[in-house]
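Examining the three-dimensional arrangement
Below, each chain spelled out in residue letters.
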Amino acid sequence: MDINNNESAQLLVDGFGRRITYLRISLTDRCNLRCVYCMPEDGVQLLSHSEMLSYEEILKFVNVLAGYGVNKIRITGGEPLVRKGIVNFIEKLNNIGGIKDIAMTTNGILLDKYAQDLYNAGLKRINISLDSLDNEIFSKLTRGGNLDSVLKGIDIAKAVGFKPIKINTVLMRGDNDKELLNFIDFAIKNELNLRFIEYMPIGQNISQAITSKELIDKIKIEYKDFELKKTDDCSVSKEYYFSAQKNNKAVIGFISPLSEHFCNDCNRLRITASGKLRLCLFYDEEYDIKEILNSSASDEDIYKYLLDILQKKRQTHSFNNKNNKNEADNLHNGNIATDGNIYMNKIGG
Ligand code: SAM
Ligand code: SF4
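Residues numbered from 1 in each chain as written. Chains lettered and ligands numbered in written order. Predicted model: local features only at pLDDT ≥ 70, side-chain atom pairs only at ≥ 80, totals over all residues. Heavy atoms only, no water.

1. Topic: the nonpolar core
Nonpolar side chains in soluble globular proteins generally cluster together in the buried interior. By size, the foremost hydrophobic cluster in this structure holds 97 residues, and its most contacted members are Leu 23, Ile 75, Ile 86, Phe 89, Leu 118, Phe 196 and Leu 277. Looking at this core, the element that brings in the most residues is helix H1 (residues 55–66), giving eight residues. If we ignore the near neighbours within four places in the chain, the residues touching Phe 89 are Leu 27, Tyr 55, Ile 58, Leu 59 and Ile 75. (Core = buried A, V, L, I, M, F, W, Y, C linked by side-chain atoms within 4.5 Å. Buried < 20%, exposed > 50% of the residue type's maximum accessible area, 1.4 Å probe, protein only. Helix = DSSP H or I, 4+ residues; strand = E, 2+ residues; numbered from the N terminus. Contact = heavy atoms within 4.5 Å.)

Printed below as a string of structure tokens:
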């Protein structure tokens with residue numbers, strides 16, 4: 001079905017008239033790092049092989065959604081590159097009619113090994129998470145990660161032809177916030193699209209959160225020509241550039257899920273590695289899709305099942321810096337780890 005040319009096409013629309021076109025898929029709960037804000041130090045109780053959605057199940061799900069207007073996919077995790085068969089999976093995903101854009105968020109550790117094959121398989125956009133440019137701080141924040149592997153991964157991804165390459169950086173007060181201007185230098189030198197994502201202290205230390213506004217004000221002290229780019233793009237990132245420097249191709253984006261949420265334009269759904277549909281990053285309500293995918297339900301039945309769930313998508317989340325730990329816990333009370341905290345590796349970011 002060509003959704004674009006068929007006005008009577010059935011689409012996925014929630015109770016507030018928001019059309020779902022974007023699916024974020026958490027491929028695995030496993031990871032080769034243990035970032036302090038994402039995973040507990042001792043790791044997490046991992047899903048067994050049979051509890052995880054198989055590649056076949058995911059492909060079937062995407063196939064159905066593509067028939068109802070979903071055209072953009074992001075692969076995330078855990079760390080997607082630790083799941084075996086990833087290249088083959090991307091190739092199959094890329095062959096699904098209607099899917100126009102496949103992107104991946106990775107920690108970059110294994111990118112030198114996989115970049116070329118992923119590119120050949122059809123992945124063209126990649127986001128690499130990088131929270132420090134200092135060996136020691138990087139190792140501390142990732143609990144043992146090697147910064148050089150990520151830097152090598154970025155270089156290879158550039159050489160292979162990924163465009164754009166976006167670097168995702170989370171700054172936390174007292175941990176890595178002093179590196180703000182080093183990151184700006186790094187982006188300028190390497191002509192990168194760098195995005196600062198507000199730290200989401202879900203059940204963790206809220207005083208470490210820094211708003212995008214605070215970062216922008218600090219950068220403006222150093223770079224007087226740091227200006228907001230005018231764009232029609234309804235992206236969740238507000239992009240800035242250096243207006244007086246014609247040769248400076250760096251773009252600095254700010255994603256502010258806490259201080260300036262973008263719920264009004266929310267067009268996304270998430271599935272977890274265990275096959276749970278999540279309507280919002282900030283609410284723990286999950287709906288099983290594994291069972292219906294393995295039943296004799298037709299595409300139309302699956303669509304109706306999803307449409308029904310979609311009507312429960314809330315208009316907005318109310319989690320922000322002013323809220324306290326209790327609020328966060330109330331939103332996430334199903335995913336609290338044994339240490340009492342909630343971690344993003346379960347949700348996929
Ligand atoms: N392993 C991959 C990676 O690190 O890029 C993909 C999964 S990771 C959960 C996806 C994104 O979530 C990363 O960019 C990471 O920085 C971000 N993230 C994890 N926990 C976060 C938190 N508490 N606040 C803000 N971002 C977070
Ligand atoms: Fe792993 Fe990504 Fe979470 Fe870090 S942010 S622990 S790399 S899943």
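2. Details of the packing of helix H2 (residues 86–94) against helix H3 (residues 111–121)
Two elements in contact, H2 and H3, have axes whose closest approach is 8 Å; the angle formed by their N-to-C orientations is 20°. Relative to H3, the element H2 lies roughly parallel. Like other packed secondary-structure pairs, H2 and H3 cross with a definite hand, here right-handed. When H2 is examined against H3, the residues Ile 86, Val 87, Ile 90, Glu 91 and Asn 94 are found in contact with a partner set consisting of Tyr 114, Asp 117, Leu 118 and Ala 121. When grouped by side-chain class, the residues that make up the contact of H2 with H3 number six nonpolar, one polar and two charged. (Axes fitted to C-alpha atoms, helices over the stretch in contact; angles between N-to-C directions. Parallel < 35°, antiparallel > 145°, perpendicular 65-115°, else oblique. Left-handed = near helix turned anticlockwise from the far one by under 90°. Nonpolar A, V, L, I, M, F, W, Y, C, P; charged D, E, K, R; others polar.)

3. With respect to the packing of helix H6 (residues 180–190) against helix H7 (residues 212–222)
At a minimum axis distance of 10 Å, the contact between H6 and H7 shows a crossing angle of 65°. As far as their axial angle goes, H7 and H6 are roughly perpendicular. Note that H6 runs across H7; the crossing there is right-handed. Here H6 contributes Leu 180, Leu 181 and Ile 184 to the contact with H7, which in turn contributes Leu 215, Lys 218, Ile 219 and Glu 222. Looking at the contact of H6 with H7 residue by residue, the class counts come to five nonpolar, no polar and two charged.

4. Quick look at H2
Turning to H2, its buried residues are Ile 86, Val 87, Phe 89, Ile 90 and Leu 93. Take H2 and look down its axis: the buried residues cluster within an arc of 160°, on one side only. Where H2 is buried, its residues contact H1, strand S2 (72–76), strand S3 (101–106) and H3. (Arc of directions from axis to C-beta.)

5. Some thoughts on the site of ligand 2
Close contacts around ligand 2 come from Cys 31, Leu 33, Cys 35, Cys 38, Gly 78 and Asn 107, and that covers them all. Here the residues of the shell around ligand 2 are counted per class, giving four nonpolar, two polar and no charged. (Near = heavy atom within 4 Å.)

6. Let's talk about the packing of aromatic side chains
In total, this model carries 11 aromatic pairs according to the counting rule given. Arranged with centres 6.4 Å apart and planes meeting at 85°, the rings of Phe 183 and Phe 196 form a pair that is edge-to-face. Of this pair, Phe 183 sits in helix H6 while Phe 196 sits in strand S6 (residues 193–197); the two residues are 13 residues apart in sequence, bridging distant segments of the chain. Classification of Phe 183 as buried rests on a relative accessible area of 0%. Residue class for Phe 196 comes out buried when judged on its relative accessible area of 2%. An aromatic cluster is built from Phe 183, Phe 196, Tyr 223, Phe 226, Tyr 240, Phe 242 and Phe 254, whose rings are joined through pairwise contacts. A cation over an aromatic ring shows up here: Lys 72 above the ring of Tyr 22, its NZ or CZ 4.5 Å from the ring centre. (Phe/Tyr/Trp six-rings, centres within 6.5 Å; stacked < 30°, edge-to-face > 60°. Lys NZ or Arg CZ within 6 Å of the ring centre and 35° of its normal.)

7. What to know about the pairing of strand S8 (residues 237–242)
As judged from the three bridges shared by strand S7 (residues 226–228) and S8, these two strands associate in the antiparallel manner. What sits directly across from Phe 226, in S8, is Phe 242. (Pairing = 2+ DSSP bridges.)

8. Thoughts on the site of ligand 1
With respect to spatial proximity, 18 residues lie near ligand 1, and among them Tyr 37, Gly 78, Glu 79, Ser 129 and Met 200 are the closest. With respect to ligand 1, the side chain of Tyr 37 contributes an N or O atom lying 2.8 Å from an oxygen atom. At a separation of 3.0 Å, a nitrogen atom of ligand 1 approaches a polar backbone atom of Gly 78. Within the shell around ligand 1, the residues separate by chemical class into six nonpolar, 10 polar and two charged. (Polar contact = N/O pair within 3.5 Å; in protein donor to acceptor, adjacent residues only side chain to side chain.)

9. Structural notes on the side chain of Ser 274
Assignment of secondary structure puts Ser 274 in the loop between strand S10 (268–271) and strand S11 (276–278). The contact partners of Ser 274, leaving out residues within four places of it in the chain, are Leu 47, Glu 51, Met 52, Leu 53 and Lys 290.

10. Comments concerning the sheet that holds S8
Judged by pairing direction, the sheet is mixed, and its 12 strands sit side by side in the order S7-S8-S9-S6-S5-S4-S3-S2-S1-S10-S11-S12 without closing on themselves. The sheet is open, and its two edges are formed by S7 and strand S12 (286–288), each paired on a single side. Averaged over all pairs of adjacent strands, the angle between their axes in this sheet comes to 25°, without regard to strand direction. On the sheet, H1 packs against strand S1 (22–26), S2, S10 and S11 and is oriented at approximately 175° with respect to S1. Taken strand by strand, H2 contacts S2 and S3, and its axis lies near 155° from that of S3.

11. Topic: the pairing of S2
Among the five residues of S2, four are classified as buried, and the element is accordingly described as predominantly covered. Note: S1 against S2, five bridges, orientation parallel. From the neighbouring strand, Arg 24 faces S2, where its bridge partner is Arg 74. For the handedness criterion, the β-α-β arrangement of S1, H1 and S2 is classed as right-handed. The pairing of S2 with S3 spans four bridges and is classified as parallel. Across the sheet, the residue bridging to Arg 74 is Ala 103, located in S3. Crossover S2 to S3 through H2 is right-handed. (Right-handed = clockwise from strand over helix to strand, strands pointing away.)

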